[in-house]
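Chains, contacts and geometry: an overview
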Amino acid sequence: MARDLNTNTLFVEQAPETIEKGDAGKNLDDDGRPKRTGTLVTASAHIITAVIGSGVLSLAWAIAQLGWVAGPIVLIVFSFITYFTSTILADCYRSPDPITGKRNYTYMDVVRANLGGVKVQLCGIAQYGNLIGVTIGYTITASISMVAVRRSNCFHKHGHEATTCNPSNYPFMIIFACIQIVLSQIPNFHKLSWLSILAAVMSFTYASIGVGLSIARVAGMMDKHEGGGAHARTTLTGVTVGVDVSSSEKVWRTFESIGDIAFAYAYSNVLVEIQDTLKSSPAENKLMKKATFVGISTTTLFYVACGCFGYAAFGNNAPGNFLTGFGFYEPFWMIDFANVCIAIHLIGAYQVFCQPVFGFVEKWCNKRWPESKFITSEHCIDVPLYGIYYLNLFRLVWRTIYVIITAVIAMIFPFFNDILGFLGAASFWPLTVYFPIEMHIARSKIPKFSFTWTWLKILTWACLMVSVVAAAGSIQGLIKQIQKYKPFETNQ
């Protein structure tokens, strides 16, 4: 307990007991790091946690903009695109051979090994900019779900039209940040399995509740319709120009909804880090492809169910989020439980997205100042009910500062989710489509203007257009938010 340790890297810890016993060799992988223990289950949990966010509950709104024809088609198309590009990215984890080659620990390492040049820096800007933006966005979204619990109870007590049920989000952002300060002391991605599994279970739970409530609402409306009552108005082409929206709003909303669906599947910004947790037998790329199939297929199932049943339940007036936006008021206890599940899921998802940022900064600082004991020394602390925990002061200070900064930004810019939409548009194309396809072409030595090269390029340019129009939609929404923005204003 009174012992200090110097480590060569803070990104992956090596248990000192292993070194002291002299049997480190059999506990190390081929790169000299501690044996990875990740499995199909843990990798799938990481993927589901990263992919399924509370945005799944806004897909009813996206389907409402596109309608019964284009909506489900866009969902299915982007699930296939994401699965395809994720599988070819999984082959790039080792270079040059996908099974026996040298490991690449981060997305930047993968791009450096396969493409090189200025593309490495562009990849870093896109990846880490997106990761930082996501953690800020999750702080806002988690606080909205926490507030929704308070509002749901208030509406149940005072009636659905009560005007006093508008608590501030800020105290809940602070609570969320305090929880993240503690969880951010989890050393690295390799220690996150339990949290990702918990978060994945929570995402299944609240998505299932959303689907169940939507089905119940549709069934109730069908009974009313048979008795002459009203029902939700849905159309093949979505919201109707001149009835629901103007022609310009229809265009912007269509762009935004296509972008929302495309970005809802993206997890390439953490794919390499997830793959780096997998044990080496069976081969990491094969296991990652299986995990990708499990993750994407499970996600698609929930996306289609939530999007289509939600649209059937609410029609062209579908809210942005039918749990926090109070598409449902009763049963209030179930709405409360679903929102608690959302908050717990986002607590875990925050860690999945911030750990690569932590690892990047700590690895860089360790190389930059290798003699600094503040950065490299670890102190053994015997924690009751946990065991030995290796405390690093630099990790404690810098990660705490990071969480505080993201929380403050979330408080200053409560409309940051519109900014996040733009960041998603800016990073979706390079991280999910461009880099994986370019690396696949380079590794496979696909001849220019061959059939395979041509359709890969067509896919690349088509996805670029999706990113451009989605970015335009996000900018238009951001301009509207800025026009009515007042810092630290309590939500009404």
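So, a few notes on the structure that sits alongside this text. Computed from a predicted model, the values in this text were never measured in an experiment.

The next subject is the side chain of N130. Structurally, N130 is set in helix α5 (residues 119-158). Looking at N130, the relative accessible area reads 8%, which means it is buried. Within the local environment of N130, its side chain forms a polar contact with the side chain of S427, the two groups lying 3.0 Å apart. Residues contacting N130, with those up to four places away along its chain left out, are I125, N269, L423, G424 and S427.

So, about the environment of K290. Along the chain, the position of K290 falls in helix α10 (residues 284-314). Separated by 246 residues in the primary sequence, K290 and S44 place their C-alpha atoms 8.5 Å from one another.

Let us now look at the pairing of strand β4 (residues 377-383). Both β4 and strand β5 (residues 387-391) contribute to a ladder of five bridges, which runs antiparallel. Paired with I381 across the two strands is Y389, which belongs to β5. The hairpin turn running from β4 into β5, its antiparallel successor, is three residues long, and L385 in that turn takes a positive phi close to 70°.

What follows concerns unusual backbone geometry. Omega for the peptide link from S95 to P96 comes to 0°, which places this bond in the cis form. With respect to the secondary-structure elements, P96 resides in the loop between β2 (94-95) and β3 (102-103). The omega torsion across S281 and P282 is 0°, close enough to zero to call that bond cis. One non-glycine residue, K445, lies in positive phi territory at about 55°. Along the chain, K445 turns up in the loop between α14 (416-444) and α15 (451-483). Although it is not a glycine, F449 sits at a positive phi angle of roughly 65°. The residue F449 is located in the loop between α14 and α15 in this model. For F449, a relative accessible area of 68% corresponds to the exposed category.

What counts, and at which threshold
Residues numbered from 1 in each chain as written. Predicted model: local features only at pLDDT ≥ 70, side-chain atom pairs only at ≥ 80, totals over all residues. Heavy atoms only, no water. Helix = DSSP H or I, 4+ residues; strand = E, 2+ residues; numbered from the N terminus. Buried < 20%, exposed > 50% of the residue type's maximum accessible area, 1.4 Å probe, protein only. Polar contact = N/O pair within 3.5 Å; in protein donor to acceptor, adjacent residues only side chain to side chain. Contact = heavy atoms within 4.5 Å. Pairing = 2+ DSSP bridges.

All quantities given are derived from atomic positions and should not be read as evidence of function.
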